Amino acid sequence: MPSGELQDTIAALATPPGRGGIGIVRVSGPATPQIAAAVLGRLPSPRLASFGAFVDARGERVDEGIAIFYPAPQSYTGEDVLELQGHGGPVVAQAVLGAVLDAGARLAEPGEYTRRAFLNGKLDLAQAEAVADLIDAASREAARSALRSLAGEFSAAIGGLVAGLTELRALTEAMLDFPEEEIDSLHRDDAQSRLARLRGALQDVLARSRQGSLLRAGVHVVLAGRPNVGKSSLLNRLAGEERAIVTPVPGTTRDALRESIQIEGVPMVVVDTAGLRESADEVERIGMARARNELERADVVLEVLDAGRMEPPAGPLPAAASRLIVINKIDLAAGAAAGRQGDTIRVSAKTGAGLDALRQALLEAAGWRTRGESVFLARERHLRALETARRHLEAAAAQGAQWEFFAEELRLAQEALGAISGRISADELLGEIFSRFCVGK
Ligand SMILES: Nc1nc2c(ncn2[C@@H]2O[C@H](COP(=O)(O)OP(=O)(O)OP(=O)(O)O)[C@@H](O)[C@H]2O)c(=O)[nH]1
Ligand SMILES: [Mg+2]
């Protein structure tokens, strides 16, 4: 994008395309007052909703509705913003957008409003990302976390680490001005204990971020096992509705079937697959190949066994994913109690016994540990930066009395953390982050 990108005035439909109660066209940029004059015949009073006609370049009325003008810098983007709230029909909303474009705006790119908000200092990078995460949130828990990041909680935690690092760097730089023998042990101990505190704090942020990344990315759970052990029945139980076909005929499921569920707010995609056995049937073989494909990408594999037979699936299961053994149909096995022992859970898809234990085991296997404290809805990018910072602090701790190296590791750690909030941000990083937004945000 050109460096003069803020010169343009951009416009887009801010509401989803299609039929709806209201369709909002949002305009942002320096030409907003002229565009208001062209489309409304006036510039509305700041932040006051006013009703009127929206007209096109020929003066023809295309819709009528509410207009709100947000003068810079008190707007989402920090620029002059005009919102035209008309009727939510695909044709009428496009006509309003067309009138705005004819009046001098250009169509916004995906995420361009939020990008401008970032460039104008309304949000830092982590907050801007939280906007997209809030829109994409797949569970209440994820939405709550995104909202906390948007409010700046995550940025504040990072800011706290950066502030601690800045202090320690200043202290170290001061020590570097003295010859080695004049640095007293008091300073030395102080630097080391500050570093230890920072490492602890970073570890805490990292742990909370790793937890939060589960909320964002979701957990990929795959049911695998011999035909007829009850995989589809378990999927239906977990989903809470009859999604997959269940019959007593072995080899019922062919295609992989996926269902989105939530356990305590953690989004999971549960995949039901074709039973794994030796088979000559071509459709079933294709189904098993798909099952193996799913297994390769699983975070958690549920290996389902029939309590009456205890026969493992044909062929190896991937070693990488965490695995739980689910022994199903315990209602048929005399004397077997539902519940969990280590990584083995005894259940009955028919009666529902043991399903709660299975849900808890799934959460644990996915790495979810609620310690009653808020988690950060971190992205892969954040985790990588935090990891990098952690490694540099570790290296600093190993430096002993070599204060130049010590100082350099601190600087590198700070640089890694700075990238999270966007203090140090390359253009391609911005492009990569904002292009994943929807148009109109
Ligand atoms: N008694 C009892 N029957 C069950 C239980 N779970 C599943 N079944 C029965 O076992 C049969 C097979 O169940 P499915 O869920 O279709 O098994 P599947 O593993 O998906 O089988 P394929 O799709 O052929 O691989 C059906 O008749 C189910 O009603 C259980 O916990 N108890
Ligand atoms: Mg099935």
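Structure report, in brief.

Criteria and thresholds
- Residues numbered from 1 in each chain as written.
- Chains lettered and ligands numbered in written order.
- Predicted model: local features only at pLDDT ≥ 70, side-chain atom pairs only at ≥ 80, totals over all residues.
- Heavy atoms only, no water.
- Pairing = 2+ DSSP bridges.
- Helix = DSSP H or I, 4+ residues; strand = E, 2+ residues; numbered from the N terminus.
- Contact = heavy atoms within 4.5 Å.
- Axes fitted to C-alpha atoms, helices over the stretch in contact; angles between N-to-C directions.
- Donors = N, O, S within 2.8 Å, 3.2 Å for Na, K, Ca; no water.
- Buried < 20%, exposed > 50% of the residue type's maximum accessible area, 1.4 Å probe, protein only.
- Parallel < 35°, antiparallel > 145°, perpendicular 65-115°, else oblique.
- Nonpolar A, V, L, I, M, F, W, Y, C, P; charged D, E, K, R; others polar.
- Salt bridge = Lys/Arg side-chain N within 4 Å of Asp/Glu carboxyl O.
- Expected span 1.5 Å × (residues − 1).
- Arc of directions from axis to C-beta.
- Polar contact = N/O pair within 3.5 Å; in protein donor to acceptor, adjacent residues only side chain to side chain.
- Near = heavy atom within 4 Å.
- Areas by Shrake-Rupley, 256 points an atom, 1.4 Å probe, with all protein chains shown as cover.
- Core = buried A, V, L, I, M, F, W, Y, C linked by side-chain atoms within 4.5 Å.
- Phe/Tyr/Trp six-rings, centres within 6.5 Å; stacked < 30°, edge-to-face > 60°.
- Lys NZ or Arg CZ within 6 Å of the ring centre and 35° of its normal.

**What about the sheet that holds strand S5 (residues 81-88)?**
Spatial ordering of the open sheet is given by S3-S4-S5-S2-S1-S6, a layout of 6 strands whose pairing is mixed. Whereas interior strands pair on both sides, the edge strands pair on one side only; in this sheet they are strand S3 (50-55) and strand S6 (106-107). The pairing of strand S4 (residues 61-70) with S5 spans 5 bridges and is classified as antiparallel. If you follow Phe69 over to S5, its bridge partner there is Leu82. Those strands touched by helix H3 (residues 112-119) are strand S1 (10-13), strand S2 (20-28) and S6, and its axis lies near 135 degrees from that of S1.

**As for the coordination of the magnesium ion (ligand 2)**
Donor atoms from the polypeptide that bind the magnesium ion (ligand 2) are Ser232 (OG) and Thr253 (OG1), placed at 2.0 Å. Here Ser232, found in helix H8 (residues 231-239), pairs with Thr253, found in the loop between H8 and strand S8 (257-263); they are 21 residues apart in sequence, far enough to count as distant. We classify Ser232 as buried; its relative accessible area is 9%. The exposure class of Thr253 is buried, given its relative accessible area of 14%.

**Side note on the packing of helix H11 (residues 380-397) against helix H12 (residues 403-421)**
Their axes nearest at 8 Å, the elements H11 and H12 cross at an angle of 170 degrees. When the interaxial angle is binned, H11 and H12 end up roughly antiparallel. For the pair H11 and H12, contact is made by Arg381, His382, Ala385, Leu386, Thr388, Ala389, His392, Leu393, Ala395 and Ala396 and by Phe406, Glu409, Leu410, Leu412, Ala413, Ala416, Leu417, Ala419 and Ile420, respectively. Its residues assigned to classes, the contact of H11 with H12 shows 14 nonpolar, 3 polar and 2 charged.

**Thoughts on the sheet that holds strand S12 (residues 339-341)**
Across the sheet, which stays open at both edges, the 7 strands sit in the order S8-S9-S7-S10-S11-S13-S12 with mixed pairing between neighbours. Across the chains shown, the open sheet's two edge strands, defined by having one partner strand only, are S8 and S12. Taking each pair of neighbouring strands and ignoring which way they run, the sheet shows an average axis angle of 25 degrees.

**Overview of the pattern of salt bridges**
Tallying each qualifying case throughout the model produces 32 salt bridges. The residue Arg411 makes a salt bridge to Glu408 at a minimum N-O spacing of 2.9 Å. Placement of both Arg411 and Glu408 in helix H12 is noted, with a separation of 3 residues, approximately one turn of the helix. Assessed through its relative accessible area of 34%, Glu408 is described here as partly exposed.

**Describing the environment of Leu324**
Among the secondary structure elements, Leu324 is positioned in strand S11 (residues 322-328). Distance in space between the C-alpha atoms of Leu324 and Gln341 is 11 Å, their sequence separation being 17 residues.

**Examining H12**
Its 19 residues place the ends of H12 28 Å apart at the C-alpha level, agreeing with the 27 Å of an ideal helix rising 1.5 Å per residue. Taken residue by residue, H12 has Trp403, Phe406, Ala407, Glu409, Leu410, Ala413, Gln414, Ala416, Leu417, Gly418, Ile420 and Ser421 as its buried positions. In this fold, the buried residues of H12 make contact with H3, helix H4 (125-136), helix H6 (153-176), helix H7 (185-217) and H11. Looking one or two residues past H12, Gly422 carries a phi angle of roughly 90 degrees, positive in sign.

**Observations regarding helix H9 (residues 282-296)**
With 15 residues, H9 extends 21 Å between its outermost C-alpha atoms, agreeing within 8% with the 21 Å of an ideal straight helix rising 1.5 Å per residue. Buried within H9 we find Glu284, Gly287, Met288, Ala291, Glu294 and Leu295. Down the axis of H9, the buried set is contained in an arc of 115 degrees. They therefore lie on one face. More than 90 degrees from the buried face of H9, the exposed residues found are Glu282, Asn293 and Glu296. Buried positions along H9 lie against strand S7 (219-225), S8, strand S9 (266-272) and strand S10 (300-306). For H9, the N-terminal capping position is held by Asp281, with its side-chain oxygen 2.9 Å away from the main-chain nitrogen of Val283.

**Remarks on the site of ligand 1**
Taken together, 23 residues are adjacent to ligand 1, and Ser233, Gly251, Thr252, Thr253 and Asp331 come closest. Measuring from an oxygen atom of ligand 1, one finds a backbone N or O atom of Asn228 at 2.9 Å. Separating an oxygen atom of ligand 1 from a backbone N or O atom of Thr252 is a distance of 2.8 Å. Notes on ligand 1: free accessible area 660 Å², of which the protein chains cover 88%. Looking at the shell around ligand 1 element by element, the count peaks at 3 residues for H8.

**With respect to the nonpolar core**
Core analysis: the largest hydrophobic core is formed by 35 residues, its most contacted members being Val219, Val221, Leu234, Met268, Val300, Leu302 and Leu358. Broken down by element, this core gets its largest block of residues, 7 residues, from helix H10 (residues 355-366). Other than its neighbours up to four places away in sequence, Val300 contacts Val219, His220, Val221, Val222, Ala321, Ser322, Leu324, Leu362, Ala365 and Ala366. In this structure, Ala191, Leu202, Ala389 and Trp403 belong to the second largest nonpolar core, which totals 30 residues.

**What about the pairing of S9?**
The buried count for S9 comes to 6 of 7 residues, which makes it a mostly enclosed element. Of the pairings in the sheet, the one linking S7 to S9 comprises 4 bridges and is parallel in character. The residue bridging Val219 from the neighbouring strand is Met268, located in S9. Bridge count for S8 against S9 is 7 bridges, and the pairing is antiparallel. Following the sheet pairing, Ile261 is matched in S9 by Met268.

**Some thoughts on the packing of aromatic side chains**
Inspection of the entire model under this criterion finds 2 aromatic pairs. On the numbers, 5.1 Å between centres and 50 degrees between planes, the contact of Phe154 with Phe376 is tilted. Remark: Phe376 occurs in the loop between H10 and H11 and Phe154 occurs in helix H6; sequence separation between them is 222 residues. Each of the two residues, Phe154 as well as Phe376, counts as buried. When the ring centre of Tyr113 is taken as reference, the NZ or CZ atom of Arg26 above it lies at 4.8 Å. The ring of Tyr76 carries the charged tip of Lys441 above its face, separated from the ring centre by 4.7 Å.

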